[in-house]
Amino acid sequence: MANCSINKKPLTTRHEELFAMPTISSQMPVKFNNGCSWAEFDGYCSECGNKIDDSMVRGSLSKPFAHVAVIDAVGVCKPCRVLTVFYNRLHDDMRITAIKDGKWCTWEAELTLIERLKNWLLTK
Ligand SMILES: [Zn+2]
(Lines give C-alpha, C1' and ligand atoms only; values in the text may rest on other atoms or scores of the structure.)
Protein backbone atom coordinates (compact mmCIF):
# COMPACT_ATOMS: atom_id res chain seq x y z
CA MET A 1 0.00 0.00 0.00
CA ALA A 2 2.81 2.41 0.84
CA ASN A 3 4.15 2.17 -2.69
CA CYS A 4 0.80 3.02 -4.27
CA SER A 5 -0.49 6.32 -5.53
CA ILE A 6 -3.62 7.75 -7.09
CA ASN A 7 -2.40 8.72 -10.52
CA LYS A 8 0.82 9.85 -8.86
CA LYS A 9 -0.96 11.77 -6.08
CA PRO A 10 -0.26 10.65 -2.49
CA LEU A 11 -2.82 8.61 -0.56
CA THR A 12 -4.89 10.11 2.21
CA THR A 13 -5.65 8.61 5.61
CA ARG A 14 -9.17 7.91 4.37
CA HIS A 15 -7.84 5.72 1.58
CA GLU A 16 -5.72 3.81 4.08
CA GLU A 17 -8.80 3.34 6.28
CA LEU A 18 -10.89 2.04 3.41
CA PHE A 19 -8.17 -0.37 2.34
CA ALA A 20 -8.01 -1.75 5.91
CA MET A 21 -11.69 -2.74 5.64
CA PRO A 22 -13.02 -6.09 4.36
CA THR A 23 -13.22 -6.75 0.64
CA ILE A 24 -16.37 -5.60 -1.13
CA SER A 25 -16.84 -9.09 -2.56
CA SER A 26 -17.06 -10.48 0.99
CA GLN A 27 -19.94 -8.06 1.64
CA MET A 28 -21.90 -9.09 -1.45
CA PRO A 29 -24.56 -9.90 -2.42
CA VAL A 30 -26.74 -6.87 -1.77
CA LYS A 31 -30.39 -7.84 -1.52
CA PHE A 32 -33.36 -5.53 -1.76
CA ASN A 33 -36.91 -5.99 -0.55
CA ASN A 34 -38.27 -6.09 -4.10
CA GLY A 35 -36.29 -9.27 -4.75
CA CYS A 36 -33.56 -7.58 -6.75
CA SER A 37 -30.02 -8.38 -5.72
CA TRP A 38 -26.50 -7.53 -6.81
CA ALA A 39 -24.24 -10.55 -6.83
CA GLU A 40 -20.93 -8.83 -7.42
CA PHE A 41 -19.15 -5.55 -7.88
CA ASP A 42 -16.33 -5.17 -10.40
CA GLY A 43 -13.81 -2.41 -9.87
CA TYR A 44 -11.77 -1.30 -12.86
CA CYS A 45 -8.33 0.33 -12.69
CA SER A 46 -8.37 4.01 -13.66
CA GLU A 47 -4.88 3.59 -15.11
CA CYS A 48 -5.02 0.46 -17.30
CA GLY A 49 -8.78 -0.21 -17.38
CA ASN A 50 -8.42 -3.82 -16.29
CA LYS A 51 -10.58 -5.39 -13.60
CA ILE A 52 -8.95 -5.14 -10.21
CA ASP A 53 -8.65 -8.39 -8.29
CA ASP A 54 -11.57 -8.82 -5.84
CA SER A 55 -9.14 -9.24 -2.96
CA MET A 56 -7.74 -5.77 -3.65
CA VAL A 57 -11.08 -3.90 -3.69
CA ARG A 58 -11.87 -2.98 -0.11
CA GLY A 59 -14.09 -0.58 1.77
CA SER A 60 -17.59 -0.17 3.10
CA LEU A 61 -20.86 -1.36 1.65
CA SER A 62 -23.85 0.21 3.34
CA LYS A 63 -27.59 0.44 2.76
CA PRO A 64 -28.60 3.88 3.97
CA PHE A 65 -31.90 3.77 2.06
CA ALA A 66 -34.39 0.98 1.32
CA HIS A 67 -33.73 1.16 -2.43
CA VAL A 68 -30.04 2.10 -2.58
CA ALA A 69 -26.77 0.57 -1.44
CA VAL A 70 -23.60 2.66 -1.33
CA ILE A 71 -20.12 1.37 -2.08
CA ASP A 72 -17.33 3.53 -0.67
CA ALA A 73 -14.16 1.70 -1.58
CA VAL A 74 -10.66 1.76 -2.99
CA GLY A 75 -9.04 -0.75 -5.27
CA VAL A 76 -5.36 -1.28 -5.92
CA CYS A 77 -4.23 -2.59 -9.30
CA LYS A 78 -1.15 -4.71 -8.66
CA PRO A 79 0.50 -4.26 -12.08
CA CYS A 80 0.02 -0.47 -12.06
CA ARG A 81 0.40 0.11 -8.31
CA VAL A 82 -2.32 2.71 -8.72
CA LEU A 83 -5.24 3.16 -6.39
CA THR A 84 -8.70 3.82 -7.82
CA VAL A 85 -11.49 5.29 -5.72
CA PHE A 86 -14.99 3.83 -6.03
CA TYR A 87 -18.03 5.70 -4.82
CA ASN A 88 -21.00 3.98 -6.41
CA ARG A 89 -24.66 3.59 -5.66
CA LEU A 90 -26.42 0.34 -6.48
CA HIS A 91 -30.17 0.73 -7.00
CA ASP A 92 -32.92 -1.88 -6.66
CA ASP A 93 -33.82 -1.45 -10.36
CA MET A 94 -30.33 -2.63 -11.43
CA ARG A 95 -28.98 0.84 -12.13
CA ILE A 96 -25.57 1.97 -10.92
CA THR A 97 -24.86 5.62 -10.28
CA ALA A 98 -21.44 7.09 -9.62
CA ILE A 99 -19.75 10.44 -9.46
CA LYS A 100 -17.75 11.09 -12.60
CA ASP A 101 -16.09 14.44 -13.21
CA GLY A 102 -18.03 15.89 -10.28
CA LYS A 103 -21.45 14.81 -11.60
CA TRP A 104 -23.67 11.86 -10.83
CA CYS A 105 -23.84 9.53 -13.83
CA THR A 106 -26.18 6.60 -14.34
CA TRP A 107 -25.79 3.49 -16.34
CA GLU A 108 -27.69 0.24 -16.62
CA ALA A 109 -26.06 -2.98 -15.58
CA GLU A 110 -24.66 -4.81 -18.57
CA LEU A 111 -26.67 -7.72 -19.85
CA THR A 112 -23.77 -10.01 -19.05
CA LEU A 113 -23.95 -8.95 -15.41
CA ILE A 114 -27.69 -9.68 -15.28
CA GLU A 115 -27.11 -13.02 -16.96
CA ARG A 116 -24.39 -13.85 -14.48
CA LEU A 117 -26.74 -12.80 -11.70
CA LYS A 118 -29.47 -15.10 -13.02
CA ASN A 119 -26.99 -17.94 -13.24
CA TRP A 120 -25.86 -17.22 -9.74
CA LEU A 121 -29.44 -17.23 -8.45
CA LEU A 122 -30.24 -20.47 -10.26
CA THR A 123 -27.29 -22.26 -8.71
CA LYS A 124 -28.25 -21.27 -5.14
ZN1 LIG B 1 -4.02 -1.00 -13.65
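Right above here is the structure, for reference.
Quantities reported herein were computed from a predicted structural model and do not represent experimental measurements. (Residues numbered from 1 in each chain as written. Predicted model: local features only at pLDDT ≥ 70, side-chain atom pairs only at ≥ 80, totals over all residues.)

### Topic: unusual backbone geometry
1) Next: P29 follows M28 through a cis peptide bond whose omega is 0 degrees.
2) Next: Relative to the elements of secondary structure, P29 occurs in the loop between α1 (13-19) and β1 (30-31).
3) Next: Of note, R81 is a non-glycine position whose phi angle comes to about 55 degrees, a positive value.
4) Next: Secondary-structure assignment places R81 in the loop between β4 (68-77) and β5 (82-91).
5) Next: Taking the C-beta count within 10 Å as the criterion, R81 has 12 such neighbours and is therefore assigned exposed. (Helix = DSSP H or I, 4+ residues; strand = E, 2+ residues; numbered from the N terminus. Buried ≥ 20, exposed ≤ 12 C-beta atoms within 10 Å, placed from the backbone.)

### Overview of the pairing of β4
1) Next: Within β4, 7 of the 10 residues are buried, leaving the element largely enclosed by the surrounding structure.
2) Next: Sheet topology places strand β3 (residues 57-65) next to β4; 7 bridges connect them, and they run antiparallel. Bridging from a neighbouring strand, S62 pairs with V70 of β4.
3) Next: The hairpin formed by β3 and β4 contains 2 residues between the paired strands.
4) Next: The sheet contact formed by β4 and β5 spans 10 bridges and is antiparallel. Across the sheet, residue V74 finds its bridge partner in β5, namely V85.
5) Next: From the end of β4 to the start of β5, which pair antiparallel, there are 4 residues, and R81 there has a positive phi angle of about 55 degrees. (Pairing = 2+ DSSP bridges.)

### So, the nonpolar core
1) Next: One finds I24, I71, A73 and V74 to be the most contacted residues of the largest nonpolar core, which totals 17 residues.
2) Next: Elements supplying a minimum of two residues to this core: β3, β4 and β5.
3) Next: Setting aside residues up to four positions removed in sequence, V74 forms contacts with H15, L18, F19, R58, G59, L83, T84, V85 and F86. (Core = buried A, V, L, I, M, F, W, Y, C linked by C-beta atoms within 7 Å. Contact = placed C-beta atoms within 7 Å.)

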